[in-house]
Amino acid sequence: MVKVVVSGALGRMGTNIGRIVDEAADMELVGGIDIQEGTLFGTEVVLAERMDAFLKEKKPDVLIDFTVAAAAVENIKVAAENNVALIVGTTGFSPEQRATIASAVEGTVPAVISSNFSVGVNIFWKLVREAARELGDYDVEVTEAHHRYKKDAPSGTAKTILDILDQELGGREKVYGRVGETERKGEIGVHAIRGGDIVGDHSVLFAGNFECIEVSHRAYDRAVFAQGAVRAARWVVGREPRIYGMQDVLGL
Ligand SMILES: NC(=O)C1=CN([C@@H]2O[C@H](COP(=O)(O)OP(=O)(O)OC[C@H]3O[C@@H](n4cnc5c(N)ncnc54)[C@H](O)[C@@H]3O)[C@@H](O)[C@H]2O)C=CC1
Ligand SMILES: O=C(O)C1=N[C@H](C(=O)O)C[C@H](O)C1
């Protein structure tokens, strides 16, 4: 039995993950962490400040964190100190926060950290890389759309797309939205749409003369992210203590 604690337990992703873990025959949901007390599928959700004592009491194998960046950094440190493996889906980390996470995790616990746990997006990233390799002289525009409650922009998935494009196209300037007189040069345009209950859309447009290619992914239900995170939780237990990506879980 893989024993799981969910951090951000009362949120959109936390509740989806709680349901999947609760229904899994090979997993045990042992509780949740949030900034309010509550319950998650019959288990106790305790306040974030009680996390250290809660992990010592429940001794989970894995903590799955979908919270906000500043909170996740602290949660990761506490989990690593308690020798609990990590799945981190939270997005919006600064470079400094990423460095803090790396020093807490590397050599201490195994952690799968990904801006997107859906299988489809991990394949989409491969397709974007392949297109960028072949279409280096095309103009590139990245667009993402999410629900009205999303806190960070551009999305973590869009930032991963930009990392891939940087690797393949060599660090082009990024222009975030355009207004007024703009002359297109060699930049990558980045556009974030927020509204309603959009689960998560990403697209990369490669525009040449007389043709365009658009590579896109649309999530219809956040269960796809939750299922991926739970799959990663099964995979991470017992691994070498370092940071992994979802591509390691999927063998891509
Ligand atoms: N990697 C992926 O596949 C995905 C990542 N995300 C990311 O996951 C994060 C959460 O997204 P949602 O669930 O939509 O947000 P949400 O706002 O519905 O849930 C976040 C939860 O975290 C709680 N929280 C805040 N501070 C906390 C702390 N110190 N300790 C424990 N819990 C705390 C909040 O009270 C809330 O219940 C975001 O960063 C989002 O971008 C979302 C979907 C998929
Ligand atoms: O906040 C969300 O909802 C999502 N966040 C992730 C991101 O920032 O890329 C993944 C997914 O698109 C949903």
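The residue count restarts for each chain, going from 1 along the sequence in the order it is written. Labels follow written order: the first chain is A, the first ligand is 1, and so on. For this predicted model, a pLDDT threshold of at least 70 governs which residues receive local features, and a threshold of 80 or more governs which side-chain atom pairs are given and counted, while totals over whole chains, interfaces and linings are taken from all residues. Side-chain measures here rest on the full set of heavy atoms in the structure, leaving out hydrogens and waters.

Things to note about a nonpolar patch on the surface
Taken together, the side chains of V119, I123, L127 and L252 make up a nonpolar region of the molecular surface, amounting to roughly 320 Å² of accessible area. Within the secondary structure layout, L127 lies in helix α5 (residues 119-134). Patch membership needs two things, relative accessible area over 30% and no salt bridge, and members are linked within 9 Å if like-charged or within 5 Å if nonpolar (Val, Leu, Ile, Met, Phe, Trp, Tyr). Accessible surface area values rest on a Shrake-Rupley calculation with a 1.4 Å probe, where residue burial reflects the displayed protein chains alone. Salt bridges are defined by distance alone: a side-chain nitrogen of Lys or Arg within 4 Å of a carboxyl oxygen of Asp or Glu. Going along the chain from the N terminus, every DSSP run of H or I of four or more residues is numbered as a helix, and every run of E of two or more is numbered as a strand.

What about unusual backbone geometry?
Going from A153 to P154, the amide bond is cis rather than trans, its omega being -10 degrees. When you line up the elements, P154 lands in the loop between β8 (139-146) and α6 (156-169). The backbone of N83 shows a phi angle near 60 degrees, a positive value even though the residue is not glycine. Mapped onto the secondary structure, N83 falls in the loop between α3 (69-81) and β6 (85-88). For F210, which is not glycine, the phi torsion reads 70 degrees and is therefore positive. Mapped onto the secondary structure, F210 falls in the loop between β11 (200-207) and β12 (212-219). Relative accessibility decides the category of a residue: with a 1.4 Å probe and only protein chains considered, values under 20% of the type maximum give buried, values over 50% give exposed, and everything between is partly exposed. For F210, a relative accessible area of 88% gives the class exposed.

Brief notes about the site of ligand 1
Proximity is defined per residue: any heavy atom of the residue falling within 4 Å of a molecule or strand makes that residue near it. Surrounding ligand 1, one finds 25 residues, the nearest of these being R12, D34, T91, F117 and K150. Definition of a polar contact: a pair of N or O atoms within 3.5 Å, with one able to donate and the other able to accept a hydrogen when the atoms are protein atoms, and with sequence-neighbouring residues admitted only if both atoms are side-chain atoms. Within the side chain of N75, one N or O atom sits 3.4 Å away from a nitrogen atom of ligand 1. Here K150 contributes a side-chain N or O atom positioned 2.8 Å from an oxygen atom of ligand 1. Notes on ligand 1: free accessible area 860 Å², of which the protein chains cover 84%. A cavity, in this analysis, means grid points on a 1 Å lattice covering only the protein atoms where a 1.4 Å probe fits yet has no way out; a pocket is instead an open set bounded by protein on both sides within 12 Å along at least five of seven lines, and a residue lines either one if it has an atom within 4 Å of a point. Each molecule is assigned to a cavity or pocket provided more than half of its atoms lie within 2 Å of the corresponding grid points. Of all the cavities here, the one that holds ligand 1 is the largest pocket. Polar here means any residue other than Ala, Val, Leu, Ile, Met, Phe, Trp, Tyr, Cys and Pro, which are nonpolar, and Asp, Glu, Lys and Arg, which are charged; Gly is therefore polar. Each residue belonging to the shell around ligand 1 can be placed in one class, and the counts come to nine nonpolar, eleven polar and five charged.

Examining the UniProt feature "active site" (unreviewed entry) in the protein
UniProt positions are given in the numbering used here, feature names are shortened, and annotations may be inferred rather than shown by experiment. Those places that UniProt annotates as "active site" (unreviewed entry) correspond, in this numbering, to H146 and K150. Of the annotated positions named here, the largest pocket is lined by H146 and K150. Examined against the element boundaries, H146 turns out to sit in strand β8. Note on placement: K150 falls in the loop between β8 and α6. On the basis of relative accessible area, K150 is assigned to the buried category, the value being 18%.

Brief notes about the pattern of salt bridges
On inspection of all chains with the given rule, the structure shows 16 salt bridges. Here E57 ties to K58 by a salt bridge, and the two come within 3.7 Å at their closest N and O atoms. Judged by relative accessible area, K58 falls into the partly exposed class, the value being 25%. R218 is the salt-bridge partner of D201, the closest N and O atoms lying 3.3 Å from each other. Of this pair, D201 sits in strand β11 while R218 sits in strand β12; the two residues are 17 residues apart in sequence, bridging distant segments of the chain. Assessed through its relative accessible area of 16%, D201 is described here as buried.

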